[in-house]
Amino acid sequence: GQSLEQPSEVTAVEGAIVQINCTYQTSGFYGLSWYQQHDGGAPTFLSYNALDGLEETGRFSSFLSRSDSYGYLLLQELQMKDSASYFCAAPAGAGNMLTFGGGTRLMVKP
Amino acid sequence: SAVISQKPSRDICQRGTSLTIQCQVDSQVTMMFWYRQQPGQSLTLIATANQGSEATYESGFVIDKFPISRPNLTFSTLTVSNMSPEDSSIYLCSVGEGTGTGELFFGEGSRLTVL
């Protein structure tokens, strides 16, 4: 089985940097994904780390450490539109089926 | 990327009735996934819909309650049977392209409220 743990809520101010952590326990591990979901919207893919290290995509970066069973999503230069829920997720096998963490609700304040 | 259309987008249902949700993808895909997201909660996988074979259900979900059809490579339906208020949730259809990418595309979801 798989379980992924994230903080339930994070609050930050506009322009700041925020890090959302994810720790996981899996019977087999293939990589870690991150998704963003605005209220009333569908989850949208942000990033995927199959290997250790940092992946950067614009203002968002994602990090993975397999030895620590840990990853994080880093959001820089926060904007109000970044207020959303963020989910880490891991493939349950070699296919695309994902198990999701509990989600972190990010609130960006002026 | 894949474009996924779900119908209905929302519905209010009476206890004891059943509702079928449709999912249409703009390209052929091998596997389609049905997730449930209860209010304020995470996404829980209900089942994987495979074309030409029975769906594969996750622990806690059974075919009698959530029958799934997958008649071709672009379409699937999920039925929520004999609904109770506990079934009030958002039901999401998703697909992935390739394997090992960690990327799923989601429909906009079907928000069901059971009275």
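Computed from a prediction, not measured in an experiment: that's the story for all the values here.

1. Notes on the pattern of salt bridges
- Summed over all chains, the structure comprises three salt bridges over all chains.
- Residue Arg105 of chain A pairs with Asp39 of chain A through a salt bridge whose shortest N-O separation is 2.8 Å. Residue Arg105 of chain A is found in strand S11 (residues 104-109), and its partner Asp39 of chain A is found in the loop between strand S4 (32-37) and strand S5 (44-49); the two are separated by 66 residues along the sequence.
- With a shortest N-O distance of 2.6 Å, Lys65 of chain B and Asp87 of chain B are connected by a salt bridge. Linking Lys65 of chain B in the loop between strand S6 (56-57) and strand S7 (68-72) with Asp87 of chain B in the loop between strand S8 (75-80) and strand S9 (89-96), this pair joins segments that are 22 residues apart in sequence.

2. Considerations on the interface of chain A and chain B
- Listed as interface residues are 18 residues of chain A and, on the opposing side, 23 residues of chain B.
- Of the roughly 1600 Å² buried at the junction of chain A and chain B (both faces included), carbon and sulfur atoms supply 56%.
- On the chain A side of the interface with chain B, the three residues burying the most area are Asn96, Met97 and Phe100 of chain A, jointly 37% of the side's total.
- Counting the contacts that link chain A with chain B gives six residue pairs in polar contact (both at pLDDT 80 or more).
- The set of elements that each furnish at least two residues to the side of chain A that touches chain B consists of S4, S5 and strand S10 (98-100) of chain A.
- Top element by residues in the side of chain A that touches chain B is S4 of chain A. It accounts for three residues.

3. Let's talk about the sheet that holds strand S7 (residues 60-65) of chain A
Residues and elements named next belong to chain A.
- Taking strand neighbours across the sheet as the criterion, the five strands line up as S1-S3-S8-S7-S6 in an open arrangement whose pairing is antiparallel. The open sheet has two edge strands with one neighbour each: strand S1 (2-5) and strand S6 (53-57). When strand polarity is set aside, the average angle formed by the axes of neighbouring strands in this sheet is 15 degrees.
- Bridging between strand S3 (residues 18-26) and strand S8 (residues 70-75) involves six bridges; their strand directions are antiparallel. The residue bridging Val18 from the neighbouring strand is Leu75, located in S8.

4. Side note on the state of the cysteines
- One pass over the full model with this rule turns up two disulfides over all chains.
- Cys22 of chain A shares a disulfide with Cys88 of chain A; S-S distance 2.1 Å. One quick way to see it: the torsion about the S-S bond of Cys22 of chain A and Cys88 of chain A is about 75 degrees, and its sign makes the bridge right-handed. Taken as a pair, Cys22 of chain A in strand S3 and Cys88 of chain A in strand S9 (residues 84-91) lie far apart in primary sequence, 66 residues in all. Pair check on accessibility: Cys22 of chain A and Cys88 of chain A agree, each one buried.
- Two residues share a disulfide in this structure: Cys23 of chain B and Cys93 of chain B, whose sulfurs sit 1.9 Å from each other. One quick way to see it: the torsion about the S-S bond of Cys23 of chain B and Cys93 of chain B is about -65 degrees, and its sign makes the bridge left-handed. In this pair, Cys23 of chain B sits in strand S3 (residues 19-25) while Cys93 of chain B sits in strand S9, placing the two residues 70 residues apart along the sequence. Each member of the pair, Cys23 of chain B together with Cys93 of chain B, is buried.
- Left unpaired, Cys13 of chain B is separated from the closest cysteine sulfur, that of Cys23 of chain B, by 18 Å.

Quick notes on the rules
Residues numbered from 1 in each chain as written. Chains lettered and ligands numbered in written order. Predicted model: local features only at pLDDT ≥ 70, side-chain atom pairs only at ≥ 80, totals over all residues. Heavy atoms only, no water. Salt bridge = Lys/Arg side-chain N within 4 Å of Asp/Glu carboxyl O. Helix = DSSP H or I, 4+ residues; strand = E, 2+ residues; numbered from the N terminus. Contact = heavy atoms within 4.5 Å. Buried area = accessible area lost by both parts, 1.4 Å probe. Polar contact = N/O pair within 3.5 Å; in protein donor to acceptor, adjacent residues only side chain to side chain. Pairing = 2+ DSSP bridges. Axes fitted to C-alpha atoms, helices over the stretch in contact; angles between N-to-C directions. Disulfide = S-S within 2.5 Å. Buried < 20%, exposed > 50% of the residue type's maximum accessible area, 1.4 Å probe, protein only.

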